Structures are given as C-alpha cells and as structure tokens.
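Examination of the molecular architecture
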Amino acid sequence: MVEKISFTINGQLRVVEVDPEMMLIDVIREILNLTGTKRGCDNATCGTCTVVINGKATKSCNTPVSKVAGAEILTVEGLAKGKELHPIQKSISESGAIQCGFCTPGIVMELYGLLENKPDASELEISNSLNKHLCRCTGYEPIKDGALMAQKLIQDRNKH
Ligand code: FES
Ligand code: FES
C-alpha cells in the first residue's frame, strides 16, 4: 500500500508516495538523495542515522515515515547557511573529531538537538547524548572537546 506523506525537510516541503512503513532513513537517502545521513547498524544502535525531527534528535533507521507526516526534519545538509558552517560543524571539525567521518553527521545532529534546545546543558548531559553514538576511530575525547567548544560558540552566538 502506497500513501502520500508530506513533511518539511531542510526548509523545503516534500511529498513522497511510499509505503508508510518504510523507514525514514530509506526515504531520506534513497528517495530524497540526502546521503549525508549515514546507515550504520540499521538497528537503532550506532546513531549514524540521527536526524532532527521537530527539534529532537531521532534515529531515522527505526522511524517509519508515517510518523513524520507534517513534521519538520533537519538533516546535516540543512545546517550550514550558505558557506557558513553551523557552530557544531565548525567545532567538531576543529577539535579533530573527524577521522573517517562516518559517525560525524549523526553526532552533529545529536548535538544540534541538545544544544539548540538547551545551550546550558551540563557536561553530563552532553556525555549522555554522545553515548548514543559509536565511533570506531577517535576514542571519543576529541568529539567531547568539539561538543564543549560548540556549546561555547552557541552560547556566544545567542548573546548577540
Ligand atoms: S543506522 Fe540507525 S542507529 Fe545505526
Ligand atoms: S570518525 Fe570514524 S567512526 Fe567516528
């Protein structure tokens, strides 16, 4: 059974005709060709498929597309403003948190969901959100450093 489902993604209204049980990651990557969202485990464990849905970081590999009807979705492609990277993108790249980069889009979206909603999140809250993500390369410390740098940049930006 195919249904028309509409949602906004990265500021654009999109309508897809799909099986409503199709997972959002498949719609994002295969139908909308937004391949910045990565497929790792495909079973809600690794976090690479994380996107932001109505402001909340959410795994797209276990979210049926029917659940996002009318929602606002943000993927990593929607973060930069022209050539201006989002503070989280800047910090994560400057802290050495990107090696192979496969985990990076999911982590960036996780931090977006946390820090844009709660710029004064505690270090523990930041660590807990990063704990939802697997990274084979970095040993996690540079990711945490990048997250703390991003938090400062977001706090400074919000003062202006
Ligand atoms: S691909 Fe979704 S959590 Fe691993
Ligand atoms: S940088 Fe390679 S998996 Fe994280």
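Residues numbered from 1 in each chain as written. Chains lettered and ligands numbered in written order. Predicted model: local features only at pLDDT ≥ 70, side-chain atom pairs only at ≥ 80, totals over all residues. Heavy atoms only, no water.

Looking now at the domain arrangement of the protein. As assigned here, the protein comprises domain 1 (3-78) and domain 2 (87-159). Once you take the C-alpha centre of each, domain 1 and domain 2 turn out to be 21 Å apart. Across the boundary between the two partners, domain 1 contributes 17 residues, which contact 14 residues of domain 2. At the junction of domain 1 and domain 2, the tally comes to 3 residue pairs in polar contact (both at pLDDT 80 or more). The element best represented in the side of domain 1 that touches domain 2 is strand 3 (residues 50-53), accounting for 3 residues. Class assignment for the residues of the side of domain 1 that touches domain 2 results in 6 nonpolar, 8 polar and 3 charged. (Domains from an automatic or database assignment. Contact = heavy atoms within 4.5 Å. Polar contact = N/O pair within 3.5 Å; in protein donor to acceptor, adjacent residues only side chain to side chain. Helix = DSSP H or I, 4+ residues; strand = E, 2+ residues; numbered from the N terminus. Nonpolar A, V, L, I, M, F, W, Y, C, P; charged D, E, K, R; others polar.)

What follows is about the sheet that holds strand 2 (residues 12-18). The pairing of strands in a sheet comes from backbone hydrogen bonds and takes either a parallel or an antiparallel form. Taken in spatial order, the 5 strands make up an open sheet running 2-1-5-3-4, and their pairing is mixed. With partners counted over all chains shown, the strands left at the sheet margins are strand 2 and strand 4 (56-59), one partner each. Pairwise comparison of adjacent strand axes, ignoring direction, gives a mean angle of 40° for this sheet. In the sheet, strand 3 pairs with strand 5 (residues 72-74) via 2 bridges, with the strands oriented antiparallel. Looking at strand 5, one finds that V52 is bridged to L74. (Pairing = 2+ DSSP bridges. Axes fitted to C-alpha atoms, helices over the stretch in contact; angles between N-to-C directions.)

Here we come to the packing of helix 2 (residues 87-94) against helix 3 (residues 104-115). Remark: helix 2 packs on helix 3, axes separated minimally by 10 Å, with the N-to-C direction vectors making an angle of 130°. Here helix 2 lies oblique to helix 3, going by the angle between them. Note on packing geometry: the crossing formed by helix 2 with helix 3 is right-handed. On helix 3, the residues that touch I88, Q89 and I92 of helix 2 are T104, V108, L111 and Y112. Split into classes, the residues belonging to the contact of helix 2 with helix 3 amount to 5 nonpolar, 2 polar and no charged. (Parallel < 35°, antiparallel > 145°, perpendicular 65-115°, else oblique. Left-handed = near helix turned anticlockwise from the far one by under 90°.)

Across the two faces of strand 3 the burial is the same, with T50 and V52 and V51 and I53 all buried. With 4 bridges joining them, strand 3 and strand 4 adopt antiparallel strand pairing. Looking across to strand 4, one finds that I53 is bridged to K56. Hairpin connection between strand 3 and strand 4: a loop of 2 residues separates the two successive antiparallel strands, and N54 in this loop has a positive phi of roughly 45°. (Buried < 20%, exposed > 50% of the residue type's maximum accessible area, 1.4 Å probe, protein only.)

Time to look at the pattern of salt bridges. Opposite charge on two side chains lets them pair, provided their charged atoms get close. One pass over the full model with this rule turns up 9 salt bridges. Of the charged contacts in the structure, one is a salt bridge between E84 and K90, with a shortest N-O distance of 3.4 Å. What makes E84 partly exposed here is its relative accessible area of 48%. Classification of K90 as partly exposed rests on a relative accessible area of 29%. Among the salt bridges present, the one from R157 reaches E116, with a minimum N-O distance of 2.7 Å. Here R157, found in helix 5 (residues 141-159), pairs with E116, found in the loop between helix 3 and helix 4 (123-130); they are 41 residues apart in sequence, far enough to count as distant. Taking the relative accessible area as the measure of exposure, E116 reaches 23% and is therefore partly exposed. Ionic contacts of the salt-bridge type, sharing partners, join the residues D26, E30, R39 and D42 into one network. (Salt bridge = Lys/Arg side-chain N within 4 Å of Asp/Glu carboxyl O.)

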